[in-house]
Every structure is written in C-alpha cells, then in structure tokens.
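Remarks on the overall topology
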2 protein chains.
Amino acid sequence: MLSEFDLIKQYFVQNYASDPRFALGIGDDCALINPSKGMQLAISTDMLVSGRHFFPDADPVGLGHKCLAVNLSDLAAMGAKPLAFTLALSLPEANPTWLAGFSQGLLALAQEHNCRLIGGDTTKGPLNICITIFGELPPETALRRDAAQVGDDIWISGSLGDARLALACYWQEVTLSAEQHELAAKRMHQPTPRIKLGIALRGVAHAALDISDGLIGDLGHILECSKVGASILVDSLPAGLVLRQQVQEKRREYTLAGGDDYELCFTAPLCQREAVLAAALASDTSVTRIGTIEAEAGLRLLDINNKPINMQLRSFDHFTTP
Amino acid sequence: MLSEFDLIKQYFVQNYASDPRFALGIGDDCALINPSKGMQLAISTDMLVSGRHFFPDADPVGLGHKCLAVNLSDLAAMGAKPLAFTLALSLPEANPTWLAGFSQGLLALAQEHNCRLIGGDTTKGPLNICITIFGELPPETALRRDAAQVGDDIWISGSLGDARLALACYWQEVTLSAEQHELAAKRMHQPTPRIKLGIALRGVAHAALDISDGLIGDLGHILECSKVGASILVDSLPAGLVLRQQVQEKRREYTLAGGDDYELCFTAPLCQREAVLAAALASDTSVTRIGTIEAEAGLRLLDINNKPINMQLRSFDHFTTP
C-alpha cells in the first residue's frame, strides 16, 4: 500500500521551474511564500464533504477541478490574482485510480491559473477535501461585500440555474434529454472561476461576491453588509442554456435560489456601465444587469412589468437545510 | 437550529482592536492580510479526523487547543512567528455545548500567540477539523529539513513519549495510576507548541522539524532531505515525567517511536552549543543533546556504552499503519 509520503510525491508534487514567488514548497513543516512588495494577500478556505457537496462516486477528474474552482471563485469575487494553495485530504483508502484522476483535474486548473500547490496534509478518514487558497491584489482594490451604494446597478456574470437543474434531474424532479443533462451537469461539475473578470472589475465595481448558495441568499449578504436594499427584475436574470428551455416557474426558482453557480454578483455605479461592459469584453465573460441597489432595506423581486412577485424561496444553509 | 452564519458569528468571530496586520477578517469571500515588509510567509495545513487523530468523545476544549497547537508546532519548527489561521469545520450537527468548548480552547491558545482567526468554512458531515496557519519570518532564516550538516549535534526540546504512554493506557496496554494517567494524558491532549524556542533558534540551528509521528520517522526526514545519517544515544533521550517511571523497553519504544510529541528536533553545529542553551533559557524550554549527524547514511541507535541496539520500530503512517 502507498505510504502517505509516497502518495504525496507520486500524485501531487510537481516540478516547477524556479519561481521567485516561492522559497519552499511541499515537503517541509511549512511552505514559504515571498509576498510581492506592497501587495495584500487574499485568503479563503473551502471544505467539500462526500455526499454533501458531491456524489460519493463523482468522477475524480471533475471533482479535482471543482474543488479548486470553488476556491478560485472566492479569489475572483475579491478581484485577487491566484498565487498558491494548500490541499488537505481525508481519504478512506489510497486508491491509485481515484488519486490519478483527482490530481489531474486539480493540477490542470491550477496550471491554467498559475496557482501553485505548495503544501498539504493527507490522512485516512471519510472523504473530505479542504483547500486553502492565496491570491494577491493591490491595497484598497478588493471587491468587498460591504461596499454597495444606493443607486448602484446590480450585475451577474454568465448564467444561473443550470447546476441546480442538473441536480433536479439527478433527483428525478425534472426530466431532461441526455444532451440537455450533459450540458447542465457540466455547469454543476465543472464551474468556471471568473478570475479574469474579477481582476478587470478592480476600481470599477463597488461590492462583489460569488454565488454559491443561490443568488437571493448571496445577494442578501451584500445587502446586509452594505446596509442597503435592492430590487431585481426576476425575468431578466440570465438563465443557463438548458434552464431557459424550462417553464417560467422553474426558471425563476433556479435562477434565484439554485446554488452551485459560481458566477460573480457585483454592484457598480451607473457611471461605470461602459467600464463594466469593457471589463466583460476584456475577460471574455458575459454580464447582465439585473437590478438596482436601493436605500430601503430588503430585497424586492419584480416581474417584467415592475410588479412585485411573491415567492417563497430560501438560500441553502448547511445546518438548517435538510 | 443554528444556521451556518449564526454559528460562525456566535462562536468564532472575535472583536479585535484595529490591527494593521489585517485589512479584512471573517465574513467576506476572502480575508485580507497585509504582509510585513520584507518578511516571508510560512504556511502549513493540518487535517484532524474524528476517530483517527482524536477520540469521538474528546473534551472539546482540549480538542480546540490541540487542533491549533499542532499547526503552531509546524510554525515553531520553521522558526516562524504566528500571524493568523483559517478554520474549516465539518460537523455532524451544530451542538452548542461542543461549539462553545471547542471555540474556547481554540481561541484561548490563538490569543496566547497573537494568532488571529481570519476566515473559514463550516459544513455538515463527519467531524473533521482543518486548520491552515500563517506565520512570518525574515528571508533565509527558516529552519528547513534539508539543512543538517555532518558533525551537527542533534537536539530535542522538552520530553518524549508521555503522549504515547497515555494512549497505551487508553488501549489498556499498560496500567497507570489515575494521577500518572492524568499527567500523561495532558501531554497527549494539550501539546505545547515550541514557538518561542523556534524563533530563538533562528541563525543558531541548521535543520529542524516537529516530532508528530515519532522521533525515528521524523528525524528520518531530516536525514533524507539533508542526505546525511546519524547516531543517537537512545538512553539519553528525554523521556516524559511519567514514562521515565516505566521499564527501559517501554522507555526506548515510546521515546523513539511514540508520536504526538510535538517537540522540536533540531541540529546545530558544535560551535553553537552555548547559543542553543541560551535559546532554551530565553524561551524557558529544556533541550537535550541526543546524538550526532554523520556522513554515513542511515540512523544508528546506540546504548549507553555506544553499542548498537537492535530494535524493530517504525513511524506512524496514515495509510500503512493499521
């Protein structure tokens, strides 16, 4: 059987060319980073549990991608540039097939973003994957949750709801063609972190976050932290390619409270509309204006005629959602 | 039931006085650190699994202490000064008694080392605790594993084996008095990270690491990384207060391959003997000289008469140890 050290060496240690960002990588008590002069360090951590965040039999390549993608998405939501990450793994067994696939998916995405695996821990136990990620950004440029201002436009990157639709199909709540399911499932298993857009929005957007638990709940964090309210035009929300073929009720439900979208939700003043569109173009990411930040507390859902929609929806919560 | 956000707010968010080291703490997509000018950042991550690293019914206060202590111990082993940490928690349920105890033990030790909890993640799942810790140190001062030199003395901080003895008592392999067991169990449940000693050894020691899987295995990493060998005087190993009352065979076994010691093992040239003792004095930590780094590969175990001891021992490994 593979020992812990063999396992790390075989699957996770990469040979990098000398990189001045790092003084020491995997294999000592700590990794050593040389922070760039005058830059702030953005740090985020996410823990993914088998049976909760992914199916126990999930394809390991896709899982490796997704675990890093959700962390990169947190950097994107701050406008930070990826630098490095650590990986802690609890595994029921050292399964070579699983490890080869997982490390392949993980390290391919890491390489794409020049984000280096600098350390970690492996242990035996129920499958659990915890990544802590580090990025850099100039001081005072971070896209924080508490920076939305009354009058700001609210924007969304890409599209919403296809990941939730794929889940509904797995749960047999909806029926999709094989082709539709494949397309939606890709959104669920292989989210695209919006790193380029996040960096392009520095100095343009006010507040931002990434949508992981559903738009309503996540936008709610911006409203709460910024002490503002908002109206959104529900039927102008950009539904995913597959979801837009579904009935209005499903479209509304899954765009508003789907979860697992990993799109950016951000606010920007009206005077920055052109700059937002330029940032979208520069990062090759579509953006859609979905509403307005308002002084009155609370979130108002409006239909295409600006009439209030009454919907009972809630955001996903790990301890109160069954 | 407590929501994820209530849980974090209630148990883990502390009110700190304004601290220039941090631009943003818990509650956004990322935390933001302002690295000190010209300093390197040391990073380490450890994952602790219920039933593997601790008993499922472990006292939560002690567990909170231990989870952070093992991470601080990694910083100590590099000579880094603690700065901050993130906490990812997978919990079977949001149990207020457990959370209150755990956060109390964790944050008390954090405060003692001026090490701030800056972010994290909570999710439902089998109990799993993953901490990633950050420390600072001047460039070129890190105590690395690959820096031992032929002729160096080998040193150990504190004492070894009492944690392993406590475990043996839990497993009913040995019998201890209630008082003895309490003393030994404290070494198992509440290790003391040797932060001050680590910092004091900058520029004095060559190589260092912390002993978590047993002296033989961990010293083996120094030998392998530094491409050297060593001899150690087994009967001069500093046994724990309780272990030293046991028979020689147990003393040898548990000091050499006990595990869970969280003492520093370091090497330093002969000309630094006085400086090592001064560092020990300054950090109020006892140190013991246990052997010598040699050119010949391998680890030689010698008795009090410098005669080889033949023992079958091995280090703990998560995937090959039953």
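Residues numbered from 1 in each chain as written. Chains lettered and ligands numbered in written order. Predicted model: local features only at pLDDT ≥ 70, side-chain atom pairs only at ≥ 80, totals over all residues. Heavy atoms only, no water.

Looking at an unreviewed UniProt entry, one finds chain A named Thiamine-monophosphate kinase, with Undibacterium seohonense as its source organism. Within the UniProt record for chain A, the comment given under Function (unreviewed entry) is "Catalyzes the ATP-dependent phosphorylation of thiamine-monophosphate (TMP) to form thiamine-pyrophosphate (TPP), the active form of vitamin B1." According to UniProt, the comment filed for chain A under the heading Pathway (unreviewed entry) is "Cofactor biosynthesis; thiamine diphosphate biosynthesis; thiamine diphosphate from thiamine phosphate: step 1/1." (UniProt positions renumbered as here; feature names shortened; annotations may be inferred.)

What follows covers the relation of the copies chain B and chain A. Between the two copies of this chain, the relationship is a rotation about some axis together with a displacement along it. With an RMSD of 0.0 Å, the fit of chain B onto chain A corresponds to turning through 180° and sliding 0.0 Å along the axis. The superposition of one copy onto the other is thereby described by a two-fold rotation axis. Looking at the interface residues of chain B, 100% of them are also at the interface in chain A, so both copies use one shared face. (Least-squares fit on C-alpha atoms with pLDDT ≥ 70 in both. Contact = heavy atoms within 4.5 Å.)

With that settled, consider the sheet that holds strand 4 (residues 81-91) of chain A. Reading across from one edge, 5(A)-4(A)-6(A)-3(A)-2(B)-1(B) is the order of the six strands in this open sheet, with mixed pairing throughout. Edge positions in the sheet fall to strand 5 (116-124) of chain A together with strand 1 (22-24) of chain B, since each of these pairs with one other strand and no more. Averaged over all pairs of adjacent strands, the angle between strand axes in this sheet comes to 20°, irrespective of strand direction. Taken strand by strand, helix 2 (residues 60-78) of chain A contacts strand 3 (40-49), strand 4 and strand 6 (128-137) of chain A together with strand 1 and strand 2 (31-33) of chain B, and its axis lies near 35° from that of strand 6 of chain A. Packed onto the sheet, helix 3 (residues 96-112) of chain A meets strand 4, strand 5 and strand 6 of chain A and runs at close to 165° relative to strand 4 of chain A. (Pairing = 2+ DSSP bridges. Helix = DSSP H or I, 4+ residues; strand = E, 2+ residues; numbered from the N terminus. Axes fitted to C-alpha atoms, helices over the stretch in contact; angles between N-to-C directions.)

A few words on the pattern of salt bridges. Applying the stated criterion across every chain, the model contains 24 salt bridges over all chains. Close ionic contact of A:Lys66 with A:Asp260 constitutes a salt bridge, the shortest N to O distance being 2.8 Å. Placement of A:Lys66 in helix 2 and of A:Asp260 in the loop between helix 8 (248-257) and strand 10 (263-268) is noted, with a sequence separation of 194 residues between them. A:Lys66 sits in the buried class, given a relative accessible area of 6%. Salt-bridge contacts for B:Arg300 lead to B:Glu296; the nearest nitrogen and oxygen are separated by 3.7 Å. It is possible to trace a salt-bridge network through shared partners that takes in A:Asp28, A:Asp29 and B:Arg145. (Salt bridge = Lys/Arg side-chain N within 4 Å of Asp/Glu carboxyl O. Buried < 20%, exposed > 50% of the residue type's maximum accessible area, 1.4 Å probe, protein only.)

Now for the sheet that holds strand 7 (residues 153-157) of chain B. Residue and element names in this part refer to chain B. As summarised here, the arrangement of the six strands in space is 8-10-7-11-9-12, forming an open sheet in which the pairing is mixed. With one partner strand each, in any of the chains shown, strand 8 (208-211) and strand 12 (298-302) form the two edges of the open sheet. If you compare each strand with its neighbour and ignore which way they point, the axes differ by 25° on average.

Structurally, A:Asp28 can be placed in the loop between strand 1 (22-24) and strand 2 (31-33). Classification of A:Asp28 as buried rests on a relative accessible area of 14%. Polar contacts involving the side chain of A:Asp28 include one to the main-chain amide nitrogen of B:Arg145, which spans 2.8 Å. Setting aside anything within four residues of it in sequence, one finds A:Asp28 in contact with B:Met78, B:Leu143, B:Arg144, B:Arg145 and B:Ala208. (Polar contact = N/O pair within 3.5 Å; in protein donor to acceptor, adjacent residues only side chain to side chain.)

Let us look at the UniProt feature "binding site: substrate" (unreviewed entry) in chain A. Residue and element names in this part refer to chain A. Annotation from UniProt places "binding site: substrate" (unreviewed entry) at His-53, Asp-260 and Phe-316. The residue His-53 is located in the loop between strand 3 and helix 2 in this model. For His-53, a relative accessible area of 23% gives the class partly exposed. At 2.9 Å, the side chain of His-53 forms a polar contact with the backbone nitrogen of Val-49.

Here we come to helix 4 (residues 162-170) of chain A. Residue and element names in this part refer to chain A. Counting buried residues in helix 4 gives seven out of nine residues, a clear majority hidden from the surface. For helix 4, the set of buried residues is Asp-162, Ala-163, Arg-164, Leu-165, Ala-166, Ala-168 and Cys-169. Structurally, helix 4 contributes buried residues whose contacts are with helix 5 (178-189) and helix 8. Backbone geometry just downstream of helix 4 places Gln-172 in the positive-phi region, at approximately 60°.

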